[in-house]
Amino acid sequence: MFDNQNAVIGFIGLGNMGSGMTKNLQKNGFKLIVHDVRKEAAADLLAAGAVWADTPAEVAAHSDVVITMLPTPKLLDFVAMGPDGILTGMKKDGWWVDMSTSVPEVTERARSFSEELQVHIVDAPVAGMSAGARNGTLQIFVGSTEEEFLALKNVFEGMGDPKKILHVGKAGAGYAVKLMINQLWFSHLVATAEVLAIGVKAGVELDVLVKSLVASPANSNFLEHDVLSVLNHSDYDEGFAIDLACKDLGLSIDLARSVSVPVELSAVVEQIYRRAKSQYGDKAGEMTPIKLYEDLIGQDLRMAIHEDIIGQDLRLAI
């Protein structure tokens, strides 16, 4: 086991999520070795004392724990097992933690690829969007042995909310939990957009409709909090592109197929997301499907309501 109080963390992937995660690790006293396809993404980290590595193999050779935060399983596979990949530089009994939204097949191949090294490979995907990465409040879902989870807990607490760092089961369970969270969140988004569009078109004031729904048994965290970024600020969350949302939906559907569960509703949600991606472009925000419904009714869904009103117990107010 490594000394998790003084561990050197190798981090690969400094995008919208990784940049915030690494800054919080650094803030919490961890030494960093970093790599990304764009060296300029590491500028602030390097200025604060992080060390640059030219390849994933170099990251692995000089780190106690390697963390990856990458956009697709295909890229993850290449970074792990390609030329100059993580596993070509990994020490015996090394540690690799993948915090991407991915699938167990990649890490299963990696275990076979590195069998002689006896590498600890842990999946620990996150929720909380780029704001959670910046603020150090991520939720983390860890698929590992209990011993591996406890060994890494201090590292996870450097990036996430200690109350929301969960050991969810054996290797692969973290990936499954994250995909199901994403699937349900995307389904909430589509259902909410439909309901708001219908209600407004039927003549109900949007703020009254939202308060009524929040006060009802149909309330959800999405309705009470997340959708407000669109309704109050016209922010469709471009920090997470719809192209990646469609990728995650596809992975979720693939997981359902692999365990022989028919998913008619999830398949419809995926198609709505893909239609929004086609209409508004790959880089549009993950909440852009709401715009499909706004375009259908010919008006934006916007309201003049303060966030602190939504935070109150509206069941007593209505």
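This brings us to the layout of surface pockets. Here the second largest pocket defines a volume of roughly 210 Å³. In terms of lining residues, the second largest pocket is bounded by Met 129, Ser 130, Ala 131, His 225, Asp 226, Ser 229, His 233, Asp 235, Asp 237 and Met 287. Secondary structure elements with two or more residues in the lining of the second largest pocket: helix 7 (129–135), helix 11 (221–226) and helix 12 (228–233). When residues of the lining of the second largest pocket are assigned to their parent elements, the largest contribution, three residues, is made by helix 7. Class assignment for the residues of the lining of the second largest pocket results in three nonpolar, four polar and three charged.

Glancing now at helix 4 (residues 73–81). The set of residues buried in helix 4 consists of Pro 73, Leu 76, Val 79, Ala 80 and Met 81. Down the axis of helix 4, the buried side of the element spans an arc of 165°, and every buried residue falls inside it. Summarising the geometry of helix 4, the exposed residues directed more than 90 degrees from the buried face are Lys 74 and Phe 78.

Here the focus is the pattern of salt bridges. Within this structure, the stated rule accounts for 11 salt bridges. The salt bridge involving Glu 157 is made with Lys 153; its shortest N-O contact spans 3.0 Å. A residue pair is termed a helical-turn pair when its members lie 3 or 4 positions apart in one helix, as Glu 157 and Lys 153 do in helix 8 (residues 146–157) at four residues. Note on Lys 153: relative accessible area 26%, which makes it partly exposed. Between Arg 274 and Glu 270 there is a salt bridge whose closest N-O contact spans 3.1 Å. Of the two residues, Arg 274 and Glu 270 both sit in helix 14 (residues 264–280), four residues apart, roughly one turn of that helix.

About the criteria used
- Residues numbered from 1 in each chain as written.
- Predicted model: local features only at pLDDT ≥ 70, side-chain atom pairs only at ≥ 80, totals over all residues.
- Heavy atoms only, no water.
- 1 Å grid on protein atoms, 1.4 Å probe; cavity = no way out; pocket = protein on both sides within 12 Å on 5 of 7 lines; lining within 4 Å.
- Points joined across faces, edges and corners; volume = space filled by probe spheres on them.
- Helix = DSSP H or I, 4+ residues; strand = E, 2+ residues; numbered from the N terminus.
- Nonpolar A, V, L, I, M, F, W, Y, C, P; charged D, E, K, R; others polar.
- Buried < 20%, exposed > 50% of the residue type's maximum accessible area, 1.4 Å probe, protein only.
- Arc of directions from axis to C-beta.
- Salt bridge = Lys/Arg side-chain N within 4 Å of Asp/Glu carboxyl O.

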